[in-house]
Amino acid sequence: MCHPEGSAGTGSPGRSLTSVRLRSQAHRATGIALPDGGDADRFNYVIEKLGMGSRPAIYYDASQDDSVMRAYPHGLADPDTFDDLSLNASELSLEHIKKMLDGAHSRLLITPTASDLARDLWEDKGKSIPIGLAEKGVQKILHAVLASSLGFGSIVVRQEGTSEMGRYDFFLEEQDPVHPSVWTHHAVLELKVLKSFTESGNPVPAASNVDAVTDGLDQADKYRKDHSCRMAALCCYDMRKAPDVSGAIAHELDRAKALDVAIWAWPLYSTAQQARRA
């Protein structure tokens, strides 16, 4: 990462630390110190002056938030598509985790055309039939997103660990850089996939999906206590023929609040046409 003239990587008095890292055609990242001004001035500099608006970029402005870098996979010419990369584990919050998962959903999961990985989650898209291991497929996608977003800091994203209470889906923890034997247990994330049909096309009873949400909330609560985590969340992915994310979790909202466990749900549509009509 290049820094403005006169700085030594931590910023100099009276100047903000602002830089951008661009990926070249040779697959090497090049750090560029940006001129003074606002975000629009700096983005225009890269797009117009350097002609590199379509190159993947990481933008960092310590004057706005020194704990986050922002990655633009399609370049600064597409400022609405980005990922926040966390640098400060101590500021990890449920809001930050939810934001990362929202981004993963909208870019990679919402429809089979969102990504090649999402396409593989469906056995028969026309009939809204998911694969047998849909939850594992969603977990694989989310692990890549969480690990890449949090990997710039010191948080380790573990998946499918076991404990006395069972097997968790994600466990976010951080090793103390001064005392390596000390770990901070930040969060446990439990995943549930809701379906209308099994892999073979047999109907899934509505009660099974209701029970899945209830079981997931119980698991998130118990795993959080078992691992002494600061936070816990149940993440539900609705792959039913007619996704209803509000209705899917409505019966457990009050209990989740009492347990201090976040409960979230996202729709996964079997076709892009279905998503457009929703």
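Enquirer: Hey, could you run me through the overall build of the chain in this one?
Expert: Helix and strand counts for the chain stand at eight helices and 14 strands. In the chain, which comprises 278 residues, the proportion classed as buried is 44%. Summing over all exposed atoms, the chain offers an accessible surface of approximately 14000 Å²; the carbon and sulfur share of this is 50%.

Enquirer: I keep staring at the sheet that holds strand E8 (residues 155-159) and nothing clicks. Help me out?
Expert: Pairing between the strands of a sheet is mediated by backbone hydrogen bonds and can be parallel or antiparallel. Spatially, five strands are ordered E8-E11-E12-E13-E14 in an open sheet, and the strand pairing comes out mixed. If you trace the sheet from one side to the other, it starts and ends with E8 and strand E14 (262-267), each paired once. Geometrically, the sheet is characterised by an average inter-axis angle of 20° between neighbouring strands, direction not taken into account. Alignment of strand E12 (residues 183-194) against strand E13 (residues 231-238), held across eight bridges, turns out to be parallel. The residue bridging Val 193 from the neighbouring strand is Tyr 237, located in E13. Along the sheet face, helix H4 (residues 134-150) touches E8, strand E11 (170-175), E12 and E13 and points at about 145° away from the line of E12. Taken strand by strand, helix H5 (residues 206-226) contacts E12, E13 and E14, and its axis lies near 170° from that of E12.

Enquirer: Could you clarify how one ought to interpret the state of the cysteines in this entry?
Expert: Each disulfide consists of one covalent bond between the sulfur atoms belonging to two cysteines. Counted according to the given criterion, the structure contains zero disulfides. Free cysteine Cys 236: the closest other cysteine sulfur is in Cys 235, separated by 7.6 Å. Here Cys 236 falls in the buried class, since its relative accessible area comes to 1%.

Enquirer: Which parts of the structure should I look at to understand the packing of aromatic side chains?
Expert: Centre-to-centre distance and the angle between the planes together describe a pair of aromatic rings. Counted under the stated rule, the structure contains five aromatic pairs. Here Phe 43 and Tyr 72 contribute two aromatic rings whose centre-to-centre distance is 5.5 Å and whose plane-to-plane angle is 90°, an arrangement assigned as edge-to-face. Taken as a pair, Phe 43 in helix H1 (residues 39-49) and Tyr 72 in strand E4 (residues 68-72) lie far apart in primary sequence, 29 residues in all. The pair Phe 43 / Tyr 72 is uniform in exposure class, with both members buried. A connected cluster of aromatic rings, assembled from ring pairs, spans Phe 43, Tyr 59 and Tyr 72.

Enquirer: Explain the environment of Lys 192 to me, please; I cannot follow it from the model alone.
Expert: Position of Lys 192 among the secondary structure elements: in strand E12. Since its relative accessible area comes to 14%, Lys 192 is described here as buried. Sequence-distant contacts of Lys 192, that is, excluding residues within four places in its chain, are made with Glu 135, Ala 212, Gly 216, Gln 219, Leu 234, Cys 235, Cys 236 and Tyr 237. One polar contact links Lys 192 to Gln 219, side chain to side chain, over a distance of 3.2 Å.

Conventions used here
Residues numbered from 1 in each chain as written. Predicted model: local features only at pLDDT ≥ 70, side-chain atom pairs only at ≥ 80, totals over all residues. Heavy atoms only, no water. Helix = DSSP H or I, 4+ residues; strand = E, 2+ residues; numbered from the N terminus. Buried < 20%, exposed > 50% of the residue type's maximum accessible area, 1.4 Å probe, protein only. Areas by Shrake-Rupley, 256 points an atom, 1.4 Å probe, with all protein chains shown as cover. Pairing = 2+ DSSP bridges. Axes fitted to C-alpha atoms, helices over the stretch in contact; angles between N-to-C directions. Contact = heavy atoms within 4.5 Å. Disulfide = S-S within 2.5 Å. Phe/Tyr/Trp six-rings, centres within 6.5 Å; stacked < 30°, edge-to-face > 60°. Polar contact = N/O pair within 3.5 Å; in protein donor to acceptor, adjacent residues only side chain to side chain.

Structural measurements only, silent on function.
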